[in-house]
Amino acid sequence: MRLRITLLLLLSAVAAFPHCDAMDGPVVKAAQAALKTGDVERVLIWVRASDEPSIKAAFDAARKDRASEQAYLETVVRLHRASENAPYEGIKPAGLDVGPAIPAADSAAASGTANDVMRVLHQAVAHGVTERLNALNAARKYDPKDVEAGRLYVRAYVEFIHYVDGLHKAAGGAPAGHAAVHEH
């Protein structure tokens, strides 16, 4: 169970931390760009097709009356979060610390190069593997007659093996938290 929580925190920062629901996140930026240009399609890509009428209505209201802009942004973010099966808890302020993975992933998405993402992920994985291997090595030398010390070794062994296996499986699978994003 602890392994799954660690993996979810490591690999699904979007679900765990504000990003798409932040004022400086890509969804709000797209919604603001749509208002500025009058091009609603800029924001429709962030929501399900079934939510387009709600977005268009909020967009039209915001274009007619600036006082409706916040309601439009909230509608866009709420419906985007729903497309991720994530709760809507309001729009978060800009500048929140979302950790190193999301900015690195955003940088990679913008530049088309994975160098920053690979560095961040490598550091996190190296730390996790090293930490667990160190715990295993510390527990390795126990008196065979000391059952409790042996159990500590087995616990460290199992955590290490499950962590490595879980990382391997997660690296080859669908991204957590966004597996069912948007119908096409």
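As the structure is a prediction and not an experimental result, all values here were calculated from the model.

Remarks on the overall build of the chain
And step 1. Of regular secondary structure, the chain possesses nine helices and zero strands.
And step 2. Listing every helix and strand of the chain by position from the N terminus yields α-α-α-α-α-α-α-α-α.
And step 3. The 184 residues of the chain split such that 34% are buried.
And step 4. Long-range contacts, defined here as pairs at least 24 residues apart, represent 61% of the contacts in the chain between residues at least 6 apart.
And step 5. Accessible surface for the chain amounts to roughly 11300 Å². Of this, 58% is attributable to carbon and sulfur atoms.

Concerning helix α8 (residues 115-140)
And step 1. With 26 residues, α8 should reach 38 Å at 1.5 Å per residue; the first-to-last C-alpha distance of 36 Å fits that figure.
And step 2. Turning to α8, its buried residues are V117, V120, G128, R132, L136 and A139.

Observations concerning the nonpolar core
And step 1. In this structure, V43, I55, Y72 and V76 are the most contacted members of the largest nonpolar core, which totals 20 residues.
And step 2. Sorting the residues of this core by element identifies α3 (26-37), α4 (41-44), α5 (52-64) and α6 (69-83) as the ones contributing at least two each.
And step 3. Residues L136, A139, Y153 and F160 belong to the second largest nonpolar core, which totals five residues.

A closer look at unusual backbone geometry
And step 1. A positive phi angle, near 60 degrees, is found at N85, a position not held by glycine.
And step 2. For N85, the location among the structural elements is in the loop between α6 and α7 (101-111).

Notes on the confidence of the model for the chain
Do not read the fine detail of predicted coordinates wherever pLDDT is low.
And step 1. Within the chain, residue pLDDT values average 86, and 84% of them lie at 70 or more.
And step 2. For the chain, the element scoring lowest by mean pLDDT is helix α2 (residues 13-16), at 38; α5 scores highest, at 97.
And step 3. Considering only residues more than four positions removed or in separate chains, one finds that residues 1-17, a stretch of pLDDT under 50, has 26 contacts.
And step 4. Confidence drops under pLDDT 50 across residues 179-184; counting only partners more than four residues distant or on other chains, this segment forms 14 contacts.

Considering a nonpolar patch on the surface
And step 1. A contiguous nonpolar surface patch, about 310 Å² in accessible area, is contributed by V154, Y157, V158 and I161.
And step 2. Locating V154 in the fold gives a position in helix α9 (residues 147-172).
And step 3. Under the relative-accessibility criterion, V154 is labelled partly exposed at 44%.

Section: the packing of aromatic side chains
And step 1. Applying the stated criterion across every chain, the model contains three aromatic pairs.
And step 2. Through a chain of ring-to-ring contacts, three or more aromatic side chains come together here, namely Y142, Y153 and Y157.
And step 3. Over the ring of Y163 we find R132, and its NZ or CZ is 3.8 Å from the ring centre.

Re the environment of A138
And step 1. Checked against the element boundaries, A138 lands in helix α8.
And step 2. For the pair A138 and A156, spaced 18 residues apart in sequence, the C-alpha to C-alpha distance is 9.0 Å.

Considering α6
And step 1. A rise of 1.5 Å per residue sets the reference length of α6, with its 15 residues, at 21 Å; its end C-alpha atoms lie 21 Å apart and thus fit the reference within 8%.
And step 2. For α6, the set of buried residues is E69, Y72, L73, T75, V76, V77, L79, H80, R81 and S83.
And step 3. Looking one or two residues beyond α6, the residue adopting positive phi is N85, at roughly 60 degrees.

Digging into the environment of A82
And step 1. Residue position: A82 is located in helix α6.
And step 2. Residue class for A82 comes out partly exposed when judged on its relative accessible area of 27%.

Let's talk about the side chain of H80
And step 1. Counting through the fold element by element, H80 comes out in helix α6.
And step 2. With a relative accessible area of 2%, H80 lands in the buried category.
And step 3. A polar contact of 2.7 Å, which involves the side chain of H80, links it to the backbone oxygen of W46.

Each value, and the rule that gives it
- Residues numbered from 1 in each chain as written.
- Predicted model: local features only at pLDDT ≥ 70, side-chain atom pairs only at ≥ 80, totals over all residues.
- Heavy atoms only, no water.
- Helix = DSSP H or I, 4+ residues; strand = E, 2+ residues; numbered from the N terminus.
- Buried < 20%, exposed > 50% of the residue type's maximum accessible area, 1.4 Å probe, protein only.
- Contact = heavy atoms within 4.5 Å.
- Areas by Shrake-Rupley, 256 points an atom, 1.4 Å probe, with all protein chains shown as cover.
- Expected span 1.5 Å × (residues − 1).
- Core = buried A, V, L, I, M, F, W, Y, C linked by side-chain atoms within 4.5 Å.
- pLDDT = per-residue confidence, 0-100.
- Patch = residues over 30% accessible without salt bridge, like charges linked within 9 Å, V, L, I, M, F, W, Y side chains within 5 Å.
- Salt bridge = Lys/Arg side-chain N within 4 Å of Asp/Glu carboxyl O.
- Phe/Tyr/Trp six-rings, centres within 6.5 Å; stacked < 30°, edge-to-face > 60°.
- Lys NZ or Arg CZ within 6 Å of the ring centre and 35° of its normal.
- Polar contact = N/O pair within 3.5 Å; in protein donor to acceptor, adjacent residues only side chain to side chain.

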